[in-house]
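# Geometric and topological summary
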Amino acid sequence: MSTVNSHEHHYAHHFKNADHEFVTSKQGIWLFMVTEILMFGGLFVAFFIYHAMYPEMFAEGAKQLDWRMGFTNTLVLIFSSFTMALGIHYIQKGDARKATWNLSATILCGAIFMVIKYFEYTHKFHLGFFPGKYLDVARVGAEHANLGLYFGFYYCMTGLHGIHVLTGMSLIVWVLFRHLRGDFNPHYYTPVEGVGIFWHIVDLVWIFLFPLLYLVG
Amino acid sequence: MAQSNNDVHHIVEFPILMKTALALFGLTFLTMIAFWAHSYLGPLGPIVAFLIAGVKAALVMMYFMGLKYDSLMNRFIFALGFFFLLLLFAISALDIWTRVPVANTL
């Protein structure tokens, strides 16, 4: 390794060539994405069923959420997906500087999303909207005694999504670091591609979470 | 696995990414318009909101995730996730809504 150009990527010996390694890695990421869909999907199915059973209670819960926060976060995440796609685009084109800017912008957008989420959560805690039995029915003046169920869904779904945003941000920091070190070039950028797909699924889940929690309720 | 080299590293061009982002922003605003008009839409409101979300999801999958240019195998794998999700929903819903109410089961 010491004598070769640092930009040269050596594919593992059990692959036929670099493309074979790339295609196989990517397929692994897609299989991982299926597990992501099923993990979030379970929560979505539960939400739909309970929503159909207690529509008025879910409507009361949704009214407590500030759509402006969810709306802003939707725009932030869409923009971050755009910059992530551009990050890969510029690495493929060999424009390292633009790729750096776009990957950095993606991390910044993730941070903005989490800050907005922090304000949302603390405001809800302040008012007494806790999940399940911890929701203070008398203090929040809830019409439905089991309003905590709605907030159980709210915190589980947005919380799991938030963990994904934090994980995605950490992964983008990792690929950004490797990019700055000069690990990637138009012929080798597999980790960026994989992290990109993960980041887009975070956006994909939010696209459905926003109308589900904030609007339809 | 046997694919030609050029196909494997497909570059999604800037105008396509830009148009996708603009369409996604536009559709987000459309979701809000549908929400504000929900007194007119009535029970159609949630359906409209989820239809728009579906279109947005398709755009993200096709252009940002690059599934439009990906192999048939990867498209099939990802579609399989949604298929099993639908199965989970269908069987759960069937169970919930075909139960016979019985008092004092415990």
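Calculation criteria
Residues numbered from 1 in each chain as written. Chains lettered and ligands numbered in written order. Predicted model: local features only at pLDDT ≥ 70, side-chain atom pairs only at ≥ 80, totals over all residues. Heavy atoms only, no water. Helix = DSSP H or I, 4+ residues; strand = E, 2+ residues; numbered from the N terminus. Rg over C-alpha atoms; globule rule 2.2 N^0.38 Å. Buried < 20%, exposed > 50% of the residue type's maximum accessible area, 1.4 Å probe, protein only. Contact = heavy atoms within 4.5 Å. Areas by Shrake-Rupley, 256 points an atom, 1.4 Å probe, with all protein chains shown as cover. Lys, Arg positive; Asp, Glu negative; His and termini not counted. Charge placed at Lys NZ, Arg CZ, Asp CG, Glu CD. Phe/Tyr/Trp six-rings, centres within 6.5 Å; stacked < 30°, edge-to-face > 60°. Salt bridge = Lys/Arg side-chain N within 4 Å of Asp/Glu carboxyl O. Expected span 1.5 Å × (residues − 1). pLDDT = per-residue confidence, 0-100. Patch = residues over 30% accessible without salt bridge, like charges linked within 9 Å, V, L, I, M, F, W, Y side chains within 5 Å. Polar contact = N/O pair within 3.5 Å; in protein donor to acceptor, adjacent residues only side chain to side chain. 1 Å grid on protein atoms, 1.4 Å probe; cavity = no way out; pocket = protein on both sides within 12 Å on 5 of 7 lines; lining within 4 Å. Points joined across faces, edges and corners; volume = space filled by probe spheres on them. Nonpolar A, V, L, I, M, F, W, Y, C, P; charged D, E, K, R; others polar.

### Section: the overall build of chain B
Counting its regular elements, chain B contains 5 helices and 0 strands. Each helix and strand of chain B, ordered N terminal to C terminal, gives the series α-α-α-α-α. Over its C-alpha atoms chain B spans a radius of gyration of 20 Å, topping by over 25% the 13 Å that the globule rule assigns to 106 residues. Projecting the C-alpha coordinates of chain B onto the three principal axes gives extents of approximately 65 × 40 × 20 Å. The 106 residues of chain B split such that 32% are buried. When contacts within chain B are restricted to residue pairs at least 6 apart in sequence, those whose partners lie at least 24 apart make up 59%. Taken as a whole, chain B presents about 6800 Å² of accessible surface, with 74% of it coming from carbon and sulfur. Between the centroid of the 5 positive side chains of chain B and the centroid of its 4 negative side chains there is a distance of 9 Å.

### A short note on the overall build of chain A
Looking only at helices and strands, chain A has 7 helices and 0 strands in total. Starting at the N terminus and walking to the C terminus, you meet the elements of chain A as α-α-α-α-α-α-α. Dimensions along the principal axes, computed over C-alpha positions, put chain A at roughly 70 × 30 × 25 Å. Per-residue burial over chain A gives 54% buried out of 217 residues. Considering only contacts in chain A between residues 6 or more positions apart, those separated by 24 or more positions represent 76%.

### Some points on the packing of aromatic side chains
All names here are of chain A. Counted under the stated rule, the structure contains 36 aromatic pairs over all chains. Consider the rings of Trp67 and Phe71, whose centres lie 6.0 Å apart with planes at 65°: the pair is edge-to-face. Taken together, the positions of Trp67 and Phe71, both in helix α3 (residues 67-93) and 4 residues apart, correspond to about one turn of that helix. When its relative accessible area of 26% is taken as the criterion, Trp67 is described as partly exposed. A relative accessible area of 11% places Phe71 in the buried class. Ring plane angle 90° and centroid distance 5.1 Å describe the contact between Phe113 and Trp206, whose orientation is recorded as edge-to-face. Here Phe113, found in helix α4 (residues 96-127), pairs with Trp206, found in helix α7 (residues 190-216); they are 93 residues apart in sequence, far enough to count as distant. You'll find Phe113 and Trp206 in the same group, each marked buried.

### Structural notes on the pattern of salt bridges
Considering all chains together, one arrives at 9 salt bridges over all chains under this definition. Linking Glu13 of chain B and Lys93 of chain A is a salt bridge whose minimum nitrogen-to-oxygen distance equals 3.1 Å. Placement of Glu13 of chain B in the loop between α1 (5-8) and α2 (14-36) and of Lys93 of chain A in helix α3 is noted, with the two residues assigned to different chains. Taking relative accessible area as the criterion, Glu13 of chain B reaches 35% and is therefore assigned partly exposed. On the basis of relative accessible area, Lys93 of chain A is assigned to the partly exposed category, the value being 45%. The partner of Glu120 of chain A in a salt bridge is Lys117 of chain A, with the nearest N and O atoms 3.0 Å apart.

### Here we look at helix α4 (residues 44-64) of chain B
Residues spaced three or four apart along an α-helix point in a common direction, a consequence of the helix completing one turn every 3.6 residues. With 21 residues, α4 of chain B ought to run about 30 Å at 1.5 Å a step, and its terminal C-alpha atoms sit 29 Å apart, in line with that. Considered for burial, the residues of α4 of chain B that qualify are Gly45, Ala49, Ile52, Ala53, Lys56, Ala57, Leu59, Val60, Met61, Tyr63 and Phe64 of chain B. In this fold, the buried residues of α4 of chain B make contact with α3 and α7 of chain A together with α2, α3 (38-41) and α5 (72-97) of chain B. Gly66 of chain B lies just past α4 of chain B and shows a positive phi near 75°.

### Observations concerning the confidence of the model for chain B
Residue and element names in this part refer to chain B. Mean pLDDT for chain B: 88, with 92% of residues reaching 70 or above. Mean pLDDT per element in chain B: α1 is the minimum at 65, and α5 is the maximum at 95. Low pLDDT (under 50) marks residues 1-5, which in the prediction has 7 contacts with non-local residues, meaning those over four places away or in another chain.

### A look at a nonpolar patch on the surface
Taken together, the side chains of Leu38 of chain A together with Met73, Phe76, Leu80, Phe83, Phe84, Leu87 and Ile91 of chain B present a nonpolar region at the surface, about 730 Å² in accessible area. No other element matches the 7 residues that α5 of chain B contributes to the nonpolar patch. Its location among the elements puts Leu38 of chain A in helix α1 (residues 18-53).

### Brief notes about the interface of chain A and chain B
Each side of the interface is counted separately: chain A has 47 residues, and chain B has 48 residues. Taken together, chain A and chain B are joined by 8 residue pairs in polar contact (both at pLDDT 80 or more). Sorting the residues of the side of chain A that touches chain B by element identifies α1, α3 and α7 of chain A as the ones contributing at least two each. It is α1 of chain A that provides the largest number of residues to the side of chain A that touches chain B, a total of 19 residues.

### Observations regarding empty space enclosed by the protein
Under the criterion given, the structure shown has 1 cavity of 30 Å³ or more. Roughly 330 Å³ of volume is contained in the largest cavity. Of all elements in the fold, only α1, α3 and α7 of chain A together with α1 and α4 of chain B reach the threshold of two or more residues within the lining of the largest cavity. Residues that form the lining of the largest cavity fall into these classes: 13 nonpolar, 10 polar and 4 charged.

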